[in-house]
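These are the residues of each chain, in order.
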Amino acid sequence: MSGAGLLRRTRSTKAHADADRAAGPDHNGPSEHRPSRPPALGIGRHHRRRVGLRARITIFFALGAAILSGTIAAITYYSVRTSVLDQQTTSLSHEAVASALLLRPELQDPTADYPALLASTAATDGSDTLLYKQRRWYASSVRFTPPRPVPLAFQRLVLKGSDAEETIAVANSPTYVVGVWIPAAQSAYFALFPLSEVANTLHALLAALLLAALVVTLAGALLGSWAASRALRPLHEAAQAALDIAGGRLDTRLETDDYADLAVLTSAFNRMADRLQERIEREVSFTSDVNHELRSPLTTLAASLSVLEGRRDELPERSRRALDLLGAEVRRFRRLVDDLLEISRLDAGLSDVSMAEVALGDLVTRSVAATARPVPITFDDTSAERHVLVDKRRFERIIANLLDNAQHYAGGSTLVTVTSDRRVARVSVEDEGPGIPPEERERIFDRFSRGSSGRRRGLGEGTGLGLAIVAEHVRMLGGRVWVEDNGARGSRFVVEVPILDESAP
Ligand SMILES: Nc1ncnc2c1ncn2[C@@H]1O[C@H](COP(=O)(O)OP(=O)(O)O)[C@@H](O)[C@H]1O
Ligand SMILES: [Mg+2]
């Protein structure tokens, strides 16, 4: 009743560390909370950003690579482990059974030196053998006091006459124990083989496989990022072209031959740009025609008017009043034509922008001086020396319109203040006039919109375009404009423009 074929298998594998890292890194889904960037100059507000296309493609590639390499690593590890352990334990079982057979005749001699006999059978390096005969235990080495470390259930199984094998932990290292019952000698023979070498090899294999999976995942992420940037390149080009067009370069077009797959997109884009250019050019020529057609009669009118005004004293009272009315209307008309022309050139993106770096102190002082209105200007600590990137002509227009309004509606501006922080400079035009009711504060920046104070003053004054022009210029400079209360009395118009980074205090 001996032989490896008869061994009962009660294999336990708990001595081996199981480490299955097949699953890749967790993908927690796109993050909702990204700081949204400020809107680019001349382009509408962006929606709240989700994870970008490029990041998403990269994540998908990395995730795919992780799952694939993890699965391959797990399959490889488990199949190698199973086959190596099978091979090893089978040969160890054979060895134990062969030793037991070899011992059988000697064991029948009651005077034999059993420990020496046992020691002679221990062939595999580091293995130990134990013997149970006539209620006594013998060991091949002094490392153990038998029956330790053989588990009790295992001993019982063998002593009842069965052969058995099992993997147990001895001093924390996996050990393969084989028990053989030798009926002829009424003895039980136990062989303990250390499996630590196999376990070390398997650990090394697992580490190598995990490392490979990590490398493959990183390579997947790199590949994904590369593929995404390649795939998105035409989109970037289209976006850049759209930005260029928005910025006034109307002849920008996309190359049609570069990406065959996107032929429809590029040709549609180019057609759209053609149309846009055509329309804008038509609008421009219309505007300049209208300007010309209106200006020459206006000039004649103004000239005739000044002749009449020169003889004002000779006119009867009623004609004088009519002349005054006519004069006011002609001047208003002239202003309207000027303002309309200016705003339509702004709309068409035709007025040239010449941005220059200027010191805030200089800029504001000169702009106020250009209006010939004596208004005090105050600067906070460092503001006068800070630099901004603006178009001076536009900035002068902004200040002039605000000071004109203050003169008109509030008896003149009382103070211009300049402040700045790390990002922006704020120029405020303050007055102590009637102020602007909160419900009108946004609307007065619309075209042809006149507030209640404007309407009260009746015809012959404004056009309702002044603040619309201000808003348009400020937008072109990349800034903002709004109106707020000036303490208890009057209003404060605030113009905010970005500060140049280099001039940070
Ligand atoms: N400093 C001010 N104080 C009070 N109201 C003002 C002031 N500036 C502008 N407003 C109001 O805003 C309106 C719009 O101004 P604007 O666009 O310059 O047009 P306009 O001056 O031709 O009426 C004015 O009609 C006026 O009611
Ligand atoms: Mg005005």
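Presented here is an overview of the structure given in this document.

**What about the packing of helix H8 (residues 392–410) against helix H10 (residues 466–476)?**
The interhelical angle for the contact between H8 and H10, taken along N-to-C directions, is 150°, at an axis separation of 9 Å. By the criterion of interaxial angle, the relationship of H8 to H10 is roughly antiparallel. Helix-helix and strand crossings are classified by hand; for H8 and H10 the assignment is left-handed. Contacts between H8 and H10 involve Arg394, Arg397, Ile398, Asn401, Leu402, Asp404 and Asn405 on the former and, on the latter, Gly466, Leu467, Ile469, Val470, His473, Val474 and Met476. Partitioned by chemical class, the residues of the contact of H8 with H10 number seven nonpolar, four polar and three charged.

**Details of the pairing of strand S5 (residues 173–182)**
Side-chain positions along a regular strand alternate between the two faces of the sheet. Judged by how many residues are buried, S5 sits mostly within the fold: nine of ten residues are covered. Looking at chain direction, strand S4 (residues 164–170) and S5 are connected through seven bridges and run antiparallel. Of the residues in S5, the one forming a bridge with Ala164 is Gly179. With antiparallel pairing between neighbouring strands as the criterion, S4 and S5 make up a hairpin whose turn holds two residues, including Ala171 at a positive phi of roughly 45°. Bridge analysis of S5 against strand S6 (residues 187–194) gives eight bridges, and the strand direction is antiparallel. What sits directly across from Tyr176, in S6, is Phe193. Where S5 folds back on S6, the antiparallel hairpin that results is connected by four residues, among which Gln186 adopts a positive phi of roughly 50°.

**Description of the sheet that holds strand S8 (residues 377–379)**
What the five strands build is an open sheet, ordered S8-S10-S11-S13-S12; its pairing is mixed. If you trace the sheet from one side to the other, it starts and ends with S8 and strand S12 (480–485), each paired once. Each neighbouring strand pair of the sheet contributes to a mean axis angle of 20°, computed without reference to strand direction. The strands touched by helix H7 (residues 360–370) within the sheet are S8, strand S10 (413–420) and strand S11 (424–431), with S10 carrying the most contacts at an inclination of about 165°.

Conventions adopted
- Per chain, residues are indexed from 1 in the order of the written sequence.
- Working convention: letters from A go to chains and numbers from 1 go to ligands, in the order in which they are written.
- pLDDT decides what is reported in this predicted model: residues at 70 or higher carry local features, side-chain atom pairs at 80 or more are listed and counted, and totals for whole chains, interfaces and linings draw on all residues regardless.
- Every angle, taken between N-to-C directions, lies between 0 and 180 degrees, and every axis is a line fitted to C-alpha atoms, over only the stretch in contact when it is a helix.
- Elements are defined by DSSP. Helices are runs of H or I of four residues or more, strands are runs of E of two residues or more, and each kind is numbered from the N terminus.
- Roughly parallel here means an angle under 35 degrees, roughly antiparallel means over 145, roughly perpendicular means 65 to 115, and every remaining angle is called oblique.
- The crossing is said to be left-handed when, going from far helix to near helix, the turn is anticlockwise and less than a right angle, and right-handed when the turn is clockwise.
- We call two residues in contact whenever the C-beta atoms placed from their backbones are within 7 Å.
- All residues other than Ala, Val, Leu, Ile, Met, Phe, Trp, Tyr, Cys, Pro, Asp, Glu, Lys and Arg, Gly among them, are scored as polar; the first ten of these are nonpolar and the last four charged.
- The burial criterion counts other C-beta atoms lying within 10 Å of a residue's C-beta, which is placed from the backbone; the residue is buried at 20 or more, exposed at 12 or fewer, and partly exposed between these limits.
- DSSP bridges decide pairing: two strands pair if at least two such bridges lie between them.

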